[in-house]
Amino acid sequence: QVQLVESGGGLVQAGGSLRLSCAASGRIFRINTMGWYRQASGKQRELVATITSGGRIDYSDSAKGRFTISRDNAQNTAYLQMNSLKPEDTAIYYCYARLRVISIPEYDYWGQGTQVTVSS
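Everything in this summary refers to the structure shown in the same document. Since we're looking at a predicted model, the values are computed, not measured.

A short note on the pattern of salt bridges
- Tallying each qualifying case throughout the model produces six salt bridges.
- Across the pair E46 and R38 runs a salt bridge, and its minimum N-O distance is 2.7 Å.
- Look at E46 and you get partly exposed, because its relative accessible area is 36%.
- On the basis of relative accessible area, R38 is assigned to the buried category, the value being 6%.

A few points about the side chain of S21
- Note that S21 resides in strand β3 (residues 18–26).
- Look at S21 and you get buried, because its relative accessible area is 18%.
- If near-sequence neighbours (up to four positions away) are discounted, S21 is found in contact with V5, E6, S7, W36, A78 and Y79.

Notes on unusual backbone geometry
- Phi is positive for N76, which is not a glycine, with a value near 50°.
- Relative to the helices and strands, N76 resides in the loop between β7 (67–72) and β8 (77–82).

Describing the packing of aromatic side chains
- Evaluation of the coordinates by the stated rule reveals four aromatic pairs.
- Geometrically, the ring pair formed by Y37 and W110 is edge-to-face, given 5.1 Å between the ring centres and 70° between the ring planes. Of this pair, Y37 sits in strand β4 (residues 28–39) while W110 sits in strand β10 (residues 107–110), and the two are 73 residues apart along the sequence.
- Residue W110 is classed as partly exposed on the basis of its relative accessible area of 37%.
- Taken together, a centroid distance of 5.1 Å and an interplanar angle of 50° make the contact between Y96 and W110 tilted. Of the two residues, Y96 sits in strand β9 (residues 91–101) while W110 sits in strand β10, which places them 14 residues apart along the sequence.
- Grouping aromatic residues by their ring pairs yields a cluster made of Y37, Y96 and W110.
- The aromatic ring of Y94 is capped on one face by R45, whose charged end is 3.8 Å from the ring centroid.
- Over the ring of W110 we find R45, and its NZ or CZ is 4.7 Å from the ring centre.

Conventions used here
Residues numbered from 1 in each chain as written. Predicted model: local features only at pLDDT ≥ 70, side-chain atom pairs only at ≥ 80, totals over all residues. Heavy atoms only, no water. Salt bridge = Lys/Arg side-chain N within 4 Å of Asp/Glu carboxyl O. Buried < 20%, exposed > 50% of the residue type's maximum accessible area, 1.4 Å probe, protein only. Helix = DSSP H or I, 4+ residues; strand = E, 2+ residues; numbered from the N terminus. Contact = heavy atoms within 4.5 Å. Phe/Tyr/Trp six-rings, centres within 6.5 Å; stacked < 30°, edge-to-face > 60°. Lys NZ or Arg CZ within 6 Å of the ring centre and 35° of its normal.

In structure tokens:
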């Protein structure tokens, strides 16, 4: 009933930039939080950044100062602008949303992931 579709991943050189997008669709009643997590090969999934419907933002220490999360509530879309990318940013980036579908309680949803590769 709900889909989170990511786009914008790819291969970039160190120091470069990428912009990820995540569009939520379906019978959505309200989206509370949207954000991004990432999982590097052999590591656990970790928080990158989240943004609430009211605009409160949280960043991981590694994202602070380099990444910017934003959101278009009317379009149910979240963005992650990533600048000054480093090889250690290489990972699969997953879109996340805590939202409520009509007649169903609030629940966490995940996108399929988009690969970000930063070459040195």
